[in-house]
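Per-entry structural report
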Amino acid sequence: MEHVPPPAEELARLDRELAELDARRAQLLTRRAWLLAALRPPAPTAAPGWNPSGWGAPAAGRPGAPAQPWGHVPPKQPSAPRSAQNVLLTLGGLLLTVAAIAFTLVSWGSMGIGGRSAVLAAVTVGALAAPVVLLRRGLTATAEALAALALVLTLLDAYAVHAVAAPDTDGLGFTAVAAAVLAALWTAYGLALGKLHLPLPAAVVLAQWPLLFGAWAAGAPALVVGWALLATAVLDGAIALWGKGTGARVTACLGGSVMAFSALMVGLTLSVTASGPLGALAPGVLLLTAAAAALAGAWRAPRGFARAGGAVAGLAVVAAVGGVPAAVVPEGWRVLAYLLVGLAPAAVVRARLPRNAAIGVLVASAAVVAGALVGALPGLAAVLLGPVTLLSDVWSGSPEGFRSAVGSTLPWSELAATPVVLALVAGLLGAAYRWWPSLARIAAPLIAREEPGSGTGPTGAPATGTPEAGGAAAPGVSGAPWYAGGAPAARRRPSGAALRGAAGAGAAVLGWGALLLSGAVLDVPYAVAVAGETLLVAGLLALAVRGAGSGRDGSAAVPVTALVVALAAAVSTGLLSLASEGASYAVFGALTALFAGAAVRAGAGVPRAVFAVAATVGGTVLSGFAGRSLGLAPHEAAPLVLLVPALTVLFGARLRRNPVALPVELTGALGALVAVALAVPDAPFLALVLALCGVLAAGAAVRPERRPVAGYLAAALFVLATWVRLAASEVSFPEAYTLPVTVPALVVGFLRRRKDPEASSWTAYGPGLAATLLPSLAVAWTDPDWQRPLLLGVAALVITLLGARYRLQALLLLGGAVLALDGLHELAPYVVQVAGALPRWLPPALAGLLLLVVGATYEQRLRDARRLKDALGRMR
């Protein structure tokens, strides 16, 4: 017979065998991985900074060797404590520098002239010679520290020479000579010891001062100082482009930026303050030279510096050339001179300039144009916002001229050129919008899309794939122009259609501003100004209506901008017309007709709704003017204002579900709200206006799509009108205010229950009943008469019986509660009298007896309460 072990012993044996199999499998897998690594061919040379042996591949130089486990990181080699060495060298250099300064300033006088010279010469020569020896031994950091000490010693030597050998010489002149000598010395020293980083930047810093200090020492005029600054900036630019070492080039770039900016500021100040064209020529030559230098540097600079250089060159040319005519024309026309010159650099799109430099020049031209437009903002703001002051004195009489109506104190003579500036820029933008395809072809070399990392190199050569380099220009392909519509380009820059639309929109806005400002500058008569602004609104509306259908590049910027500007112009024109009664009627009548016509001509969409809303507002204002002309008080004119809301209700009924209907009706509702606000001071007129508004709302509620909102609004308006009329008649009975609410509410609840028998009685009848029962109950408790409690009790009894008859929970509970409270109010005096006549021991005895009865029949009372709860729960 075969022996079968117990289950526990068999389970333990199986676990041991499985563990042995797992261990053997792990050994075999490890051996297999080693054999695969040993048979793998040698790996190629790894890229710098990447160790393939750390990721499971054989280490370099050991072909076929097994790899280290995944994620293995070789131990780091111990590094030299460079940070501690640098700290020690820095502290040592500082201590030696402090000692040298103290020796020069304190101990100098105790030695003779020979000793002084010998000590300074020996220490300086030693400090200059030590880095040579240290560099040969590989001690670069120590050599840098001693070179810094030698730099301080040479500066102290210069100070010592001035204090001892040439104390009577001019300080600025000596400083200029000393800076030049030290700059040359440290330049030679830095070139000789190329491994040191400090000498060449120090030489660049020292080279900033010789020309500047020399000009100051000679008492040269400001123009000569500007030339000295410019010459220094040119020297810095040459060092930045061709200098040796990153430190020297960065230092030269910073120094050149400061010096060039200072030279440009000197030239610009002299050009602006010149007394005549001849006086502006010399600063202009300085600025033109600076522009040539900046453009020459931009020719070979990287992309960012090239664009900055081009922008500086463009601005300098504008300041130089524009300063000559600006010195001749009156002060108000100088901006036009600079603007005309500022538009000339745009011709670089056809010049053979590097792409980035040309872009910088175009940026400078755009900056000049933007500056000229900013100068026009005060005048435009005065013309647009000035008529707001007429709101406080409506129909006070026609002013003499446009400026009087505007009421601004601006120096209009200095803004004489502003309309010309706006018209010129508007014309250019309009031409760009009209001939955009040709302009895009001309500017294609400048607006070609660059790939990441592309751009002009140090030699200024165009990047591969740009039109300059003859690359392809297919959409979506590398080197394609961004306006061609490629997906990557569209994510980075706006499309050509968007730019064209922006140009057209800008032309419309600036053209309108130019015509608007012309009236203020010329101070045209008031009637001409009002008529002119109305015609401008008409033109903008025509552009807004017809521009959307032009289909040019699919851009909607022009019609949308024309629409917005037309609205702003309409508001400004309307405010301007408030000075005269006839002008107000004429302007608002014309605006209403223009916007209504635009709404008819425009296609379906938001513009049509905006036009219709504007026409509705204009009609509402005209109805208000009619009341003022008839001599009516504001509350008496309120019903006239409701004429336009009534027309909007009829208009909405005619249009039905047209998208324009809802905005027009909402605007009419706002007009009705204005009428209500006008009628607030007089209660009877307020009740009349509220009732008329209720009629309009009820008329709107006839339409099924307006019924959910307009129906409730009509009911609320009727109730409010009733309450206001009762309050005006000094009616104090609460039922007079609550019954007009209760009756319609109960009717609505009854209709709701007929349509939906499952609806709750609390929803159908609860609000209506509570609106009358609760206020009447509150008044009945303080009413000394018997009529109100009696009528309230009868009404509550009827409501309770109806609730019990038709099993309506709201009627039963509300009626019963009010009936009980009303009866308690009526029986309370008699209860008090009876309680006063009873013995004092009787109430506690009755209470105890009641508790005994309830306790004896507790189970029965509990079952009765449950039955009552179930009965109420089954009610609706």
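As the structure is a computational prediction, the values presented were derived from the model and not from experiment.

A word on a nonpolar patch on the surface
Where nonpolar side chains cluster on the molecular surface, the patch consists of W786, L790, V794, V798, L802 and Y806 and spans about 620 Å² of accessible area. Checked against the element boundaries, L790 lands in helix α33 (residues 787–806).

Things to note about the side chain of T772
Locating T772 in the fold gives a position in helix α32 (residues 766–780). By relative accessible area, T772 is classed as buried at 11%. Engagement of the side chain of T772 in a polar contact is seen with the side chain of T738, the distance being 3.4 Å. If near-sequence neighbours (up to four positions away) are discounted, T772 is found in contact with T738, L739 and T742.

Focus: the pattern of salt bridges
Within this structure, the stated rule accounts for five salt bridges. Across the pair R706 and E665 runs a salt bridge, and its minimum N-O distance is 3.0 Å. Within this pair, whereas R706 is found in the loop between α28 (683–701) and α29 (707–728), its partner E665 is found in helix α27 (residues 661–679), the two being separated by 41 residues in sequence. Both residues of the pair, R706 and E665, count as buried.

So, the environment of V641
Tracing the sequence through the fold places V641 in helix α25 (residues 634–641). Spatially, the C-alpha atom of V641 lies 6.3 Å from that of T620, the residues being 21 residues apart in sequence. Sequence-distant contacts of V641, that is, excluding residues within four places in its chain, are made with T620, S623, G624, G671, A675 and L678.

Re helix α6 (residues 199–206)
Of all eight residues that make up α6, seven are buried, and the element is covered over most of its length. Inspection of α6 places P199, L200, P201, A202, A203, V204 and L206 among the buried residues, and these make up the whole buried set. Looking at the buried positions of α6, the neighbouring elements they touch are α4 (140–164), α5 (171–192), α7 (210–217), α8 (222–242) and α9 (246–272).

Examining the environment of A497
Relative to the helices and strands, A497 resides in helix α20 (residues 496–522). Judged by relative accessible area, which is 23%, A497 ranks as partly exposed. Placed 60 residues apart in sequence, A497 and A557 show a C-alpha to C-alpha distance of 9.6 Å.

Criteria and cut-off values
- Residues numbered from 1 in each chain as written.
- Predicted model: local features only at pLDDT ≥ 70, side-chain atom pairs only at ≥ 80, totals over all residues.
- Heavy atoms only, no water.
- Patch = residues over 30% accessible without salt bridge, like charges linked within 9 Å, V, L, I, M, F, W, Y side chains within 5 Å.
- Areas by Shrake-Rupley, 256 points an atom, 1.4 Å probe, with all protein chains shown as cover.
- Salt bridge = Lys/Arg side-chain N within 4 Å of Asp/Glu carboxyl O.
- Helix = DSSP H or I, 4+ residues; strand = E, 2+ residues; numbered from the N terminus.
- Buried < 20%, exposed > 50% of the residue type's maximum accessible area, 1.4 Å probe, protein only.
- Polar contact = N/O pair within 3.5 Å; in protein donor to acceptor, adjacent residues only side chain to side chain.
- Contact = heavy atoms within 4.5 Å.

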